[in-house]
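Understanding the architecture of this molecule
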Amino acid sequence: MKQFERLAAFTANKMLAFRMKIDVLTIFPEFFKEVFDFGIIRRARLAEIVEINIHDLRSFTTDKHQKTDDRPFGGGDGMVMKCEPIFSAIEQIVGTCERENYPSGTKVVLLSPQGKPLKQAVAREFADGAKHLILICGRYEGVDERVNDALVTDEISIGDYVLSGGEPAAVVLTDAIVRLLPNALGSKTSAVNDSFTENLLDYPHYTQPRDFRGMEVPEVLLGGNHAEIERWRKAKALEKTMKIRKDLLK
Ligand code: ADE
């Protein structure tokens, strides 16, 4: 990071302490090498709104082969992620493996297709209520259930499909939360008008040129009548939601 970049971001943000800390547990730390180094997340890190640390689960193993998975009891396909490295990691990062003794605002999140579906309201709850998130990226056929039983406070799914691991889901969850943290979007933007905030999809946006290959920007947006523009945007958002996400309106 360049010195001036750090200074500029720091000056822009008057909050001195990190607002949120996110620790990610993964067997593929390389996956995260650059993914948090762009746009809003990068800015939020530079401005010390969020601190993100990636931990290699193998570094919490004690055996020679650094085994993080093993065959399932009872037989069956695939491998199951072992509980020991995950317990050790939580013990080291949180200070305890006893869920009832986690410091307030600590959330240990397991990313898995079995979890509660991630919605804007869920991201908002984490952004408003959590100070320290530990994201466990599951792999293979699953994670030893004792991790869920003893450590996890929230199991989250990013959708009804199966990824080969929780890593992309951890990125999605982190992004959805960090942009909601105070000052993360900067003064010019706000999350208030985001899609889903009012259970509606976003309205259409246009910029220059006014006429592109015969496709013109709607007249109403050019007139400067803000009340009329507001009405048009609301109507368009509703129309789009009705057309493709009727379920949101229920
Ligand atoms: N791991 C695998 N599939 C997932 C999903 N849909 N959401 C979160 N974590 C996952």
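Data block above holds the structure.
Residues numbered from 1 in each chain as written. Predicted model: local features only at pLDDT ≥ 70, side-chain atom pairs only at ≥ 80, totals over all residues. Heavy atoms only, no water.

**Some remarks on the overall build of the protein**
- A tally of regular secondary structure across the protein gives 7 helices and 10 strands.
- Considered along the principal axes of its C-alpha atoms, the protein spans approximately 70 × 45 × 35 Å.
- Looking at the protein as a whole, 38% of its 250 residues qualify as buried.
- Long-range pairs, those at least 24 residues apart, make up 78% of the contacts in the protein with a sequence separation of at least 6.
- For the protein, the accessible surface area stands at approximately 15300 Å², while carbon and sulfur atoms represent 52% of it.
- For the protein, the distance from the average position of its 35 positive side-chain charges to the average position of its 37 negative side-chain charges is 5 Å. (Helix = DSSP H or I, 4+ residues; strand = E, 2+ residues; numbered from the N terminus. Buried < 20%, exposed > 50% of the residue type's maximum accessible area, 1.4 Å probe, protein only. Contact = heavy atoms within 4.5 Å. Areas by Shrake-Rupley, 256 points an atom, 1.4 Å probe, with all protein chains shown as cover. Lys, Arg positive; Asp, Glu negative; His and termini not counted. Charge placed at Lys NZ, Arg CZ, Asp CG, Glu CD.)

**Focus: the side chain of Thr 68**
- Tracing the chain through its elements places Thr 68 in the loop between β2 (50–56) and β3 (69–70).
- Accessibility expressed as a relative area gives 3% for Thr 68, which makes it buried.
- When near neighbours in sequence (up to four residues on either side) are disregarded, Thr 68 contacts Ile 27, Leu 57, Arg 58, Thr 61, Val 80, Met 81, Lys 82 and Pro 85.

**Description of helix α3 (residues 83–94)**
- Between its first and last C-alpha, α3 extends 16 Å over 12 residues, near the 16 Å set by a 1.5 Å rise per residue.
- Downstream of α3 by one or two residues, Gly 95 has phi in the positive range, about 100°. (Expected span 1.5 Å × (residues − 1).)

**Points about the sheet that holds strand β7 (residues 142–143)**
- One open sheet accounts for 3 strands, arranged β3-β4-β7; its pairing is mixed. Of all strands in the sheet, those with a lone pairing partner are β3 and β7, marking the two edges.
- Relative to β7, strand β4 (residues 80–81) runs parallel, the two being bridged by 2 bridges. For Met 81, the partnering residue across the bridge sits in β7 and is Val 143. (Pairing = 2+ DSSP bridges.)

**Focus: the site of the ligand**
- In the vicinity of the ligand there are 13 residues, among which Ser 112, Ile 158, Gly 159, Tyr 161 and Leu 163 approach most closely.
- In this structure, Tyr 161 approaches the ligand through a main-chain N or O atom, which is 2.8 Å from a nitrogen atom.
- With the chains in place, 97% of the 260 Å² that the ligand exposes on its own is no longer accessible.
- If you list the elements that add at least two residues to the shell around the ligand, you get β5 (106–117) and β8 (154–157).
- Broken down by element, the residue count for the shell around the ligand peaks at 3 residues, all from β5. (Near = heavy atom within 4 Å. Polar contact = N/O pair within 3.5 Å; in protein donor to acceptor, adjacent residues only side chain to side chain.)

**A look at the sheet that holds β2**
- Strand order in this open sheet of 5 strands is β2-β1-β6-β5-β8, and the pairing throughout is parallel. In the strand order of this sheet, the two ends are held by β2 and β8, each with one partner. For this sheet the average axis-to-axis angle between neighbouring strands, irrespective of direction, equals 30°.
- Bridge count for strand β1 (residues 20–26) against strand β6 (residues 132–137) is 5 bridges, and the pairing is parallel. By the bridge assignment for β6, Asp 23 is matched with Ile 134. (Axes fitted to C-alpha atoms, helices over the stretch in contact; angles between N-to-C directions.)

**Description of the side chain of Thr 241**
- Looking at where Thr 241 falls in the secondary structure, it is placed in helix α7 (residues 226–244).
- A residue is classified by how much of its surface remains accessible, and Thr 241, at 0% relative accessible area, is buried.
- Not counting the four nearest positions on each side in its chain, Thr 241 is found in contact with Asn 199, Leu 200, Leu 201, Lys 246, Leu 248 and Leu 249.

**Some remarks on a nonpolar patch on the surface**
- On the surface, a nonpolar cluster with roughly 260 Å² of combined accessible area is contributed by Leu 238, Met 242 and Leu 249.
- Looking at the element boundaries, Leu 249 is found in the segment after α7. (Patch = residues over 30% accessible without salt bridge, like charges linked within 9 Å, V, L, I, M, F, W, Y side chains within 5 Å. Salt bridge = Lys/Arg side-chain N within 4 Å of Asp/Glu carboxyl O.)

**As for helix α4 (residues 120–129)**
- If you check which residues of α4 are buried, you get Val 122, Ala 123, Phe 126 and Ala 127. Down the axis of α4, the buried side of the element spans an arc of 135°, and every buried residue falls inside it. Along α4, the residues that are exposed and aim more than 90 degrees away from the buried face are Ala 121, Glu 125 and Asp 128.
- As for α4, its buried residues are in contact with β1, β5, β6, β8 and α6 (167–178). (Arc of directions from axis to C-beta.)

Read these as geometric descriptors, not functional statements.
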